[in-house]
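# Topology and contacts: notes
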Amino acid sequence: MKKVYLIAVIVALIAGFATFLFANEISERSSFTDAKRTTVVTAIADVPQNVTITAENFATYFAEQDYIDSYVLSGAVTSATDALNSVTRYAIFRGEQLTQNKLITSDSEDATLSLTIPEGYVAYPIAASGTNAADGYIAVGDKVDIYVYQGMTTTIPMSNLEVFKVSNNTANKTAEANNSEITDYSTLTFIVTEAQAQQLFEIENGGSRYKLVLKPRVAGASSVDITPEG
């Protein structure tokens, strides 16, 4: 009798444990189905370093896939639009979620100049030094007129060109590292249209001489007294 009772207890325990496992599996499946999800841009192929992500090549390298929120990486890129026109900072492997720290954008500290140029424009560097370019006083954001002269004949073929960069890349990195200002330069870079770039090239190489004339940031804001004497 005791043996029969023991067997009944064991059978009951097994049945109870099986019921628990089944109920737990149903609960997990239900939780998995009902879990909140987020769309994340994911690599569907190996992506080399220094690749510019465009509308044309996005589908070659990436797809938008759904992940349960608890599996979404911090800083994950959640739409194709957010990935476009950025550059891969290093190689990305198939199956990886795309995160912001894997991309270089126009807002990145290490963004290349090409990423910061507005669409439809180009960067044009022009030779500028000494009194030919305000003797070191020109800074990023300033505007200049270009005076072209030959003998006593002077024209102003281009006005209000905004300075985008002063000096070269090495000088800029050094200035940023030292939190200093560049006051010694041999080039200035403008953001211009291609037609304007061609015009600047012709000014530089057309046989005439030119001078970059610095304009005030705000008209009439100068504190210098320029009233003629007498």
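Preceding this paragraph is the structure being described.
Here's a quick rundown of the structure. (Residues numbered from 1 in each chain as written. Predicted model: local features only at pLDDT ≥ 70, side-chain atom pairs only at ≥ 80, totals over all residues. Heavy atoms only, no water.)

This paragraph deals with the overall build of the chain. Counting secondary structure elements, the chain contains six helices and nine strands. Across the 230 residues of the chain, 26% fall into the buried class. For the chain, restricting intrachain contacts to residue pairs at least 6 apart in sequence, the fraction spanning at least 24 positions comes to 65%. For the chain, the computed accessible surface area is about 15600 Å², with 55% contributed by carbon and sulfur atoms. (Helix = DSSP H or I, 4+ residues; strand = E, 2+ residues; numbered from the N terminus. Buried < 20%, exposed > 50% of the residue type's maximum accessible area, 1.4 Å probe, protein only. Contact = heavy atoms within 4.5 Å. Areas by Shrake-Rupley, 256 points an atom, 1.4 Å probe, with all protein chains shown as cover.)

What follows is about the environment of A127. For A127, the position within the fold is in strand β5 (residues 122-127). It is 9.1 Å that separates the C-alpha atoms of A127 and Y185, two residues lying 58 residues apart in sequence.

Moving on, we get to the packing of aromatic side chains. Within the structure shown, the criterion is met by two aromatic pairs. Feature note: the residues F58, Y61 and F62 constitute an aromatic cluster, connected by ring pairs. Above the plane of the ring of F164 lies K165, whose end atom (NZ or CZ) is 5.9 Å from the centre. (Phe/Tyr/Trp six-rings, centres within 6.5 Å; stacked < 30°, edge-to-face > 60°. Lys NZ or Arg CZ within 6 Å of the ring centre and 35° of its normal.)

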